[in-house]
Amino acid sequence: MLLATVGQAARPAFANQGLHERKHDAKKQVEALEEQWRTARLAGDIATMDKMLSDDYIGISMTGQVSTKAQQLSRVRDHRVVLTRIDLGDMQIKLVGAIAIVTSRADVTGTNDGVTIQGTYRYTRVYQRQPNGVWKITSFEATRVPSRDMHHHREDASSAPPSASQP
């Protein structure tokens, strides 16, 4: 009888350990997807980007420009946005059911409609795990982190940086 009671008491601890391991595995999957996206973005790999974005994807650039999946892929395909450097840091991943919310910092260099862009951005990218287990990017939003020089100036429309697409 005592062994049965000990066995029953230990079962929830093992169940929680399994949940923790599943969450850890899911976070590792999303970290790998972030690197896959970064690599595809730098290479202009439209096929990979197309597979990673959900059909109902909505992205919001740091200038407030809203783009659908088709618009985002078109801007990359037409070389309207070309990124030559994306260095990520300070990444956090929060899991909520079948949703993964990624927040990170990205140091970006490239061009947007022929204008050089370079700067540090904070972004949020949202992944949704599909019924087949595949994660898809469903939402993205970026905000430019002001440079140290910008901290000393009043932020208004005249000091707004050039527009940038999603890292």
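Residues numbered from 1 in each chain as written. Predicted model: local features only at pLDDT ≥ 70, side-chain atom pairs only at ≥ 80, totals over all residues. Heavy atoms only, no water.

Peer 1: Help me understand unusual backbone geometry, please; the structure alone is not making it clear to me.
Peer 2: A negative phi holds for most residues other than glycine; trans holds for most peptide bonds. Positioned with a positive phi, His79 is a non-glycine residue whose angle comes to about 60°. In this structure, Asp113 is a non-glycine residue whose phi angle is positive, near 50°. For Asp113, the position within the fold is in the loop between strand S4 (99-112) and strand S5 (115-129). Exposure remark for Asp113: the relative accessible area of 43% places this residue in the partly exposed category. (Helix = DSSP H or I, 4+ residues; strand = E, 2+ residues; numbered from the N terminus. Buried < 20%, exposed > 50% of the residue type's maximum accessible area, 1.4 Å probe, protein only.)

Peer 1: What exactly am I supposed to notice about the sheet that holds strand S2 (residues 66-68) here?
Peer 2: What holds strands together in a sheet is hydrogen bonding between their backbones, with the strands either parallel or antiparallel. Pairing is mixed across the open sheet formed by six strands, whose spatial order is S2-S1-S6-S5-S4-S3. Pairing within the sheet leaves two strands with one partner each, and these edge strands are S2 and strand S3 (81-96). Neighbour-to-neighbour, the strand axes of this sheet turn through a mean angle of 20°, independent of strand direction. Looking at chain direction, S4 and S5 are connected through 14 bridges and run antiparallel. Across the sheet, the residue bridging to Asp107 is Thr120, located in S5. Its contacts with the sheet place helix H3 (residues 69-77) against strand S1 (53-60), S2, S3 and S4, and it is angled at close to 95° to S2. (Pairing = 2+ DSSP bridges. Axes fitted to C-alpha atoms, helices over the stretch in contact; angles between N-to-C directions. Contact = heavy atoms within 4.5 Å.)

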